[in-house]
Amino acid sequence: MSADSAAVIERYRRFAREEAPGRSDLYADWAQRVVDEPALQDVLARLPATRRQPPLVFAVCRLLGSGDVDAEAWAAWVIENADEVVAETRARSVQTNEPLRCAVLLPTLSRIDGPIALLEVGASAGLCLYPDRYSYRYVGEAGETRLDPASGETAVELVSAVRGERMPRVRLPDVVWRAGIDLAPLDVRRPRDVDWLARLVWPGESGRAERIRAAADIAAVDPPNLFAGDALSLLPEVAALAPADATLVITTPGVLVHIPREPRGQVIETARRLGRWLTIDAPATHDAWVGGGSADWPDGFAVALDGEIDAAADPLGRWWEWRPGAKHIRS
């Protein structure tokens, strides 16, 4: 057995046992089939190590037409279409673009007076650049808060559960300019790109693919300005395009963990120098929180403006909890 095949087995065994259970039974079965089938291991060993992630490979298979079939049928399909799977996987990357994140960013974004120029790092197709175009519903023990654009209820209703006794105070932002930076931006006007985003949703995650497609329809009416390249290099250049009379808000929702540690800190410094910095991150991702440190954070990601924490939230937006200050994040 080659070292590449051994690495494939270990990666897919871990995914089948630890990552997929409870989220996608089908993906767990597919991953286990890789562990058991040398022919599948040979196919995946042809990929660079950076392109062997199960969610990436599985999404490519679904994009190319494997269908959400049982593991035996999937294995046969992959072996038969090996060259196409390898080629497409080499050209793709995981690009989560969950508009529901807008629901947990909105309470903090509501603190900023408009007009707002919105610039997202790691924008993918830019679906999180439209917080002013979606409908929202926050549901918790303290009641329910609903918010719609002036034109009325939209096809995208972002529902987030509220933990604790405090409901969020929200208003729709006055966004007058929106742009994004991504290593490989996707175009909401291209059906193939929208299909790719939908296929990245794991089987069993009900509602997410439909929400992505509906958000893409909204974005396609007024497509964002998307720039391909490295955030650290492009941020000053793209930020300079924003209207001078608007407050520039640079968002980094969940993307910083994918940037190496040293340039990650430089991206944060640049964002803070150029405008307001709005983020949602796991506490250990960086040390730019007001108060420092990353210990004793109960759960979830931290939502913060200029490093000052407002709330905790599910990284994909499914719940939000008011948790002001850095008292839970300390050195």
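Preceding this paragraph is the structure being described.
What comes next concerns the included structure. Keep in mind it's a predicted model, so treat the numbers as computed, not measured.

**Notes on unusual backbone geometry**
Cis geometry marks the peptide bond from G114 to P115, where omega comes out at 0°. The residue P115 is located in the loop between α7 (101–109) and β1 (116–121) in this model. Even without being a glycine, D306 presents a positive backbone phi close to 55°. By the element assignment, D306 lies in the loop between β9 (301–305) and β10 (308–313).

**Here's the deal with the sheet that holds strand β4 (residues 157–163)**
On the basis of which strands lie adjacent, the open sheet formed by eleven strands has the order β3-β2-β4-β11-β10-β9-β8-β7-β1-β5-β6 and mixed pairing. The sheet is open, and its two borders are formed by β3 (143–147) and β6 (225–228), each paired with just one other strand. Averaged over all pairs of adjacent strands, the angle between their axes in this sheet comes to 25°, without regard to strand direction. Where β10 lies against strand β11 (residues 319–322), three bridges are found, and the strand directions are antiparallel. Counterpart to A311 in the pairing with β11 is W322.

**Brief notes about the pairing of β9**
Burial analysis of β9 places four of its five residues in the buried class, the great majority of the element. Judged from the four bridges that link them, strand β8 (residues 276–281) and β9 form a sheet pairing that is antiparallel. Within β9, the residue paired with L278 across the bridge is L305. The pairing of β9 with β10 spans five bridges and is antiparallel. Among the inter-strand pairings, L305 is bridged to a residue of β10, identified as E308.

**Regarding the pattern of salt bridges**
The full count for this structure, using the stated rule, is 33 salt bridges. For E19, the salt bridge goes to R11, with nearest N and O atoms at 3.1 Å. R11 gets classed as partly exposed once you look at its relative accessible area, which sits at 22%. With its nearest N and O atoms 2.9 Å apart, the salt bridge here joins D314 to R318. The buried category is assigned to D314, whose relative accessible area is 7%. Accessibility expressed as a relative area gives 47% for R318, which makes it partly exposed.

**Thoughts on the side chain of R264**
With respect to the helices and strands, R264 occurs in helix α11 (residues 261–274). With no salt bridge to any partner, buried R264 finds its closest opposite charge in D281, at an N-O distance of 8.0 Å.

**Thoughts on the packing of helix α2 (residues 25–36) against helix α5 (residues 71–80)**
Taken N-terminus to C-terminus, the directions of α2 and α5 make an angle of 60°; their axes are 9 Å apart at the nearest point. Judged on the interaxial angle alone, α5 and α2 are oblique. As for the relative orientation of α2 and α5, their crossing is right-handed in sense. Counted together, D29, W30, R33 and V34 of α2 and A71, E72, W74 and A75 of α5 form the full contact between these two elements. Within the contact of α2 with α5, the residues separate by chemical class into five nonpolar, no polar and three charged.

**Comments concerning helix α3 (residues 38–45)**
Three or more residues of α3 are buried, namely L40, Q41, V43, L44 and A45. In this fold, the buried residues of α3 make contact with α1 (3–19), α2, α4 (54–64), α5 and α6 (82–91). You can read the cap of α3 off the contacts: a side-chain oxygen lies 3.0 Å from the backbone nitrogen of A39, and it is on E37.

**As for the nonpolar core**
Within the largest apolar cluster, 82 residues are counted, with the highest numbers of intra-cluster contacts made by Y12, F58, W74, L127, Y134 and Y136. The element contributing the most residues to this core is α4, with eight residues. Not counting the four nearest positions on each side in its chain, F58 is found in contact with Y12, F15, Y27, W30, A31 and W74. Within the second largest apolar cluster, 23 residues are counted, among which are A179, V238, A242 and L256.

**A short note on the packing of aromatic side chains**
For the coordinates displayed, the defined rule picks out eleven aromatic pairs. Arranged with centres 5.6 Å apart and planes meeting at 50°, the rings of Y27 and W202 form a pair that is tilted. Of this pair, Y27 sits in helix α2 while W202 sits in the loop between α8 (191–199) and α9 (208–221), and the two are 175 residues apart along the sequence. Residue classification places Y27 among the buried residues on the basis of a relative accessible area of 0%. Judged by relative accessible area, which is 8%, W202 ranks as buried. Where Y136 meets Y138, the ring centres are 6.4 Å apart and the plane angle is 5°; that geometry is what we call stacked. This pair shows no difference in class: Y136 is buried, exactly as Y138 is. Ring-pair connections join several aromatic residues into one group, and the members of that group are Y12, F15, Y27, W30, F58, W74 and W202.

**Some words on the environment of P149**
In this structure, P149 sits in the loop between β3 and β4. Residues P149 and A198, spaced 49 residues apart in sequence, show a C-alpha to C-alpha distance of 25 Å. Ignoring sequence-local partners within four residues, the contact set of P149 consists of D132, R133, Y134, S135, T154 and L172.

Rules and cut-offs
Residues numbered from 1 in each chain as written. Predicted model: local features only at pLDDT ≥ 70, side-chain atom pairs only at ≥ 80, totals over all residues. Heavy atoms only, no water. Helix = DSSP H or I, 4+ residues; strand = E, 2+ residues; numbered from the N terminus. Pairing = 2+ DSSP bridges. Axes fitted to C-alpha atoms, helices over the stretch in contact; angles between N-to-C directions. Buried < 20%, exposed > 50% of the residue type's maximum accessible area, 1.4 Å probe, protein only. Salt bridge = Lys/Arg side-chain N within 4 Å of Asp/Glu carboxyl O. Lys, Arg positive; Asp, Glu negative; His and termini not counted. Parallel < 35°, antiparallel > 145°, perpendicular 65-115°, else oblique. Left-handed = near helix turned anticlockwise from the far one by under 90°. Contact = heavy atoms within 4.5 Å. Nonpolar A, V, L, I, M, F, W, Y, C, P; charged D, E, K, R; others polar. Polar contact = N/O pair within 3.5 Å; in protein donor to acceptor, adjacent residues only side chain to side chain. Core = buried A, V, L, I, M, F, W, Y, C linked by side-chain atoms within 4.5 Å. Phe/Tyr/Trp six-rings, centres within 6.5 Å; stacked < 30°, edge-to-face > 60°.

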